[in-house]
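# Report on the structure
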Amino acid sequence: MFLKQLNLINYKNINQKDFTFDSKINCFVGKNGVGKTNILDAIYHLAYTKSYFNPQAIQNIKHDEDFFLLDAVFDKENRDEKIACSLKRGQKKVIKRNNKTYEKLSEHIGLIPLVIISPSDSDLISEGSETRRKFVDGVISTLDSFYLTELLQYQKLISQRNALLKYFALNQTFDKDNLAIYDEQIIPLANTIFQKREDFLSQFTPIFKKYYAEISNEAENVDLVYKSQLLDQSFENLLKENLNKDRAVQYTSVGIHKDDLSFEIDKFPIKKFGSQGQQKSFLIALKLAQFDFLKQKNGTPPILLFDDIFDKLDASRVEKIVTMVNNDVFGQIFISDTHEERTEEIVKQTHQSYKIFNL
């Protein structure tokens, strides 16, 4: 899988740009603010139907314009896949594959395997549990379309259950049988999602540990620890035990929507006890493990986006990544950087074909 051509119109700060890419390495260089990251984000958008950096779709339209359009040609097993993404103000986003519009955007997820490594990944450490759940769910959904369907259905039912709890409180009433209708639908979905998350992390964590050891050259032990209320007791019992609490707070206080992934170094949270260098190594290992996991499952390397990464890494970590490129670990790579000379020097070390786009 690789991206052959890309056309952007009115995307973020970009009026209009066309690119024809190398099948191996492509670099966007230029000063801050010229749109390097936005081009990477456009590629991500075409794979995942949304921006990596700004989930508010309308905010991805260039100021004073009415729409944006992303148009691309991917080579998938020597066959062209034409993917287009467009959004008009006041309308729904449209994703097309070979000129055919998807009825649901979720149907597109998984067609284009892609991994992005960006300084903003630090949110995975610094932000709350939702950010880490989204990471786990994103990797699983890329490979399992049923998982994404189940997750969306679970979220919809939880929202409806919460609305019912609010209705009960507002009207000073309670109907246990009505609530049970939602519980009966939610419980099997929660159990399935929990099991798939647990299975995924049992396979993913050893890959992550391997990459951390390669990148860091350090002796400390790192781990990804799955935190879920369903590890201790059944979801059915949890709902029963917390019914009075749910009525009081007017929302569903237990469930897999409360799951978290603990990032640990020597059994302590890396957020509090990890140095900046250790945290960087942790995040890059996490993303390279995502890359490796998708590659193993799909049988083909995902497209890899490095956003401003060489500006944030020391020479030894850059060298590790270059070695991986030399060993043909990766497929097509996109890099953004502020220094053209540095970028060219790094990519020359890979002995792979490349293009540099000076913005």
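Here's a quick rundown of the structure. (Residues numbered from 1 in each chain as written. Predicted model: local features only at pLDDT ≥ 70, side-chain atom pairs only at ≥ 80, totals over all residues. Heavy atoms only, no water.)

## Topic: the sheet that holds strand β5 (residues 80-88)
Condition: In this scheme, strands are said to pair when DSSP sees at least two bridges between them. A run of H or I in DSSP counts as a helix once it spans at least four residues, and a run of E counts as a strand once it spans at least two, with each numbered from the N terminus. Whether two residues are in contact is decided by their heavy atoms: any pair within 4.5 Å suffices. Axis lines are fitted through C-alpha atoms, for helices just across the contact stretch, and the angle between N-to-C directions can take any value from 0 to 180 degrees.
If you trace the 6 strands from one edge of the open sheet to the other, you get β2-β1-β4-β5-β6-β7, paired in antiparallel fashion. Both edges of this open sheet fall to β2 (14-20) and β7 (100-101), since each of them pairs with a single strand only. Alignment of strand β1 (residues 2-11) against β2, held across 6 bridges, turns out to be antiparallel. The partner of Asn7 across the bridge, within β2, is Asp18. Strand contacts of helix α1 (residues 36-48): β1, β2, β4 (67-75) and β5, with the helix running at about 110° to β1, the strand carrying the most contacts.

## Things to note about the sheet that holds strand β9 (residues 222-227)
Ordered in space as β9-β10-β11, the 3 strands form an open sheet in which the pairing is antiparallel. Every other strand in the sheet has two partners, leaving β9 and β11 (268-269) as the edge strands with one partner each. Seen against the sheet, helix α5 (residues 176-216) touches β9 and β10 (260-265) and runs at an angle of roughly 170° to β9.

## Here's the deal with the packing of aromatic side chains
Here is the rule: Any pair of Phe, Tyr and Trp rings, taking the six-membered ring for Trp, is counted once the centres come within 6.5 Å. Such a pair is stacked with planes under 30 degrees apart, edge-to-face with planes over 60 apart, and tilted for the rest. Accessibility here uses a 1.4 Å probe with only protein chains present; expressed as a share of the type maximum, an area under 20% marks a residue as buried, one over 50% as exposed, and anything in between as partly exposed.
Scanning the entire structure with this criterion turns up 25 aromatic pairs. On the basis of an interplanar angle of 85° and a centroid distance of 4.9 Å, the ring pair of Phe21 and Phe334 is categorised as edge-to-face. Placement of Phe21 in the loop between β2 and β3 (25-29) and of Phe334 in strand β13 (residues 333-337) is noted, with a sequence separation of 313 residues between them. The pair formed by Phe21 and Phe334 is uniform in burial state, with each residue classed as buried. A centroid spacing of 6.4 Å and a plane angle of 65° characterise the contact between Tyr212 and Phe282, whose relative ring orientation is edge-to-face.

## A few points about the pattern of salt bridges
Where charged atoms from two side chains of opposite charge come close, those side chains can pair. How we decide: By definition here, a salt bridge exists when the distance from a side-chain nitrogen of Lys or Arg to a carboxyl oxygen of Asp or Glu is within 4 Å.
Applying the stated criterion across every chain yields a total of 18 salt bridges. For Lys4, the salt bridge is made with Asp80, and the minimal N-O distance between the two is 2.9 Å. Of this pair, Lys4 sits in strand β1 while Asp80 sits in strand β5, and the two are 76 residues apart along the sequence. For Asp80, a relative accessible area of 37% corresponds to the partly exposed category. We note a salt bridge from Glu236 to Lys240, for which the minimum N-O separation is 3.8 Å. A residue pair is termed a helical-turn pair when its members lie 3 or 4 positions apart in one helix, as Glu236 and Lys240 do in helix α6 (residues 235-241) at 4 residues. Salt bridges sharing partners connect three or more residues here, namely Arg79, Glu81 and Arg97.

## Considering the pairing of β1
Note: β1 against β4, 7 bridges, orientation antiparallel. Bridge pairing in β4 places Asn7 opposite Asp71.

## Thoughts on the layout of surface pockets
Under the convention used in this document: Using a 1 Å grid laid over the protein atoms alone, points where a 1.4 Å probe fits but cannot get out form a cavity; open sets with protein on both sides within 12 Å along at least 5 of 7 lines form a pocket; any residue with an atom within 4 Å of a point counts as lining. Grid points are joined across faces, edges and corners, and a volume is the space filled by probe spheres set on the points. Three residue categories are used. Nonpolar comprises Ala, Val, Leu, Ile, Met, Phe, Trp, Tyr, Cys and Pro, charged comprises Asp, Glu, Lys and Arg, and polar comprises the others, including Gly.
In this structure, the largest pocket occupies an estimated 1,400 Å³ of space. What lines the largest pocket is a set of 42 residues, among which Tyr44, Lys50, Lys134, Phe135 and Gly138 lie closest to the centre. Counting only elements with at least two residues in the lining of the largest pocket, the list comes to α1, β8 (114-117), α2 (123-126), α3 (129-143), α4 (145-171) and α9 (276-298). The leading source of residues in the lining of the largest pocket is α3, at 10 residues. Of the volumes computed, that of the second largest pocket is approximately 280 Å³. Per-element tally for the lining of the second largest pocket: the top contributor is α9, with 5 residues. Each residue belonging to the lining of the second largest pocket can be placed in one class, and the counts come to 7 nonpolar, 4 polar and 3 charged.

## A short note on the pairing of β13
Remember that side chains alternate between the two faces of the sheet whenever the strand is regular. Short version of the rule: Look down the strands so they point away from you; if the path from the first strand over the helix to the second goes clockwise, the crossover is right-handed.
The buried fraction of β13 amounts to 5 of the 5 residues, a majority that puts the element mostly inside the structure. Alternating residues of β13 divide into Ile333, Ile335 and Asp337 and Phe334 and Ser336, and every residue in both groups is buried. Taken together, the 5 bridges between β3 and β13 define a ladder with parallel strand orientation. Its bridge partner lying in β13, Val29 is registered against Asp337. With 4 bridges connecting them, strand β12 (residues 303-307) and β13 associate as parallel partners. Within β13, the position partnered with Phe306 by the bridge is Ile335. Read as a crossover between parallel neighbours, the route from β12 over helix α10 (residues 315-326) to β13 is right-handed.

## Here's the deal with the nonpolar core
Most often, soluble globular proteins have nonpolar side chains that are buried together. Under the convention used in this document: Joining through side-chain atoms within 4.5 Å is the link that ties buried Ala, Val, Leu, Ile, Met, Phe, Trp, Tyr and Cys residues into a set, and such a set is a nonpolar core.
Among the nonpolar cores identified, the biggest contains 74 residues, and Tyr154, Phe204, Phe208, Phe235, Phe263 and Phe330 are the most heavily contacted of them. Looking at which element gives the most residues to this core, the answer is α5, with 16 residues. Excluding its chain neighbours within four sequence positions, the residues that come into contact with Phe263 are Leu124, Ile125, Arg132, Asp223, Leu224, Phe268, Pro269, Ile270, Phe282 and Leu286. Listed in part, the 37 residues of the second largest apolar core include Tyr11, Cys85, Tyr102 and Leu114.

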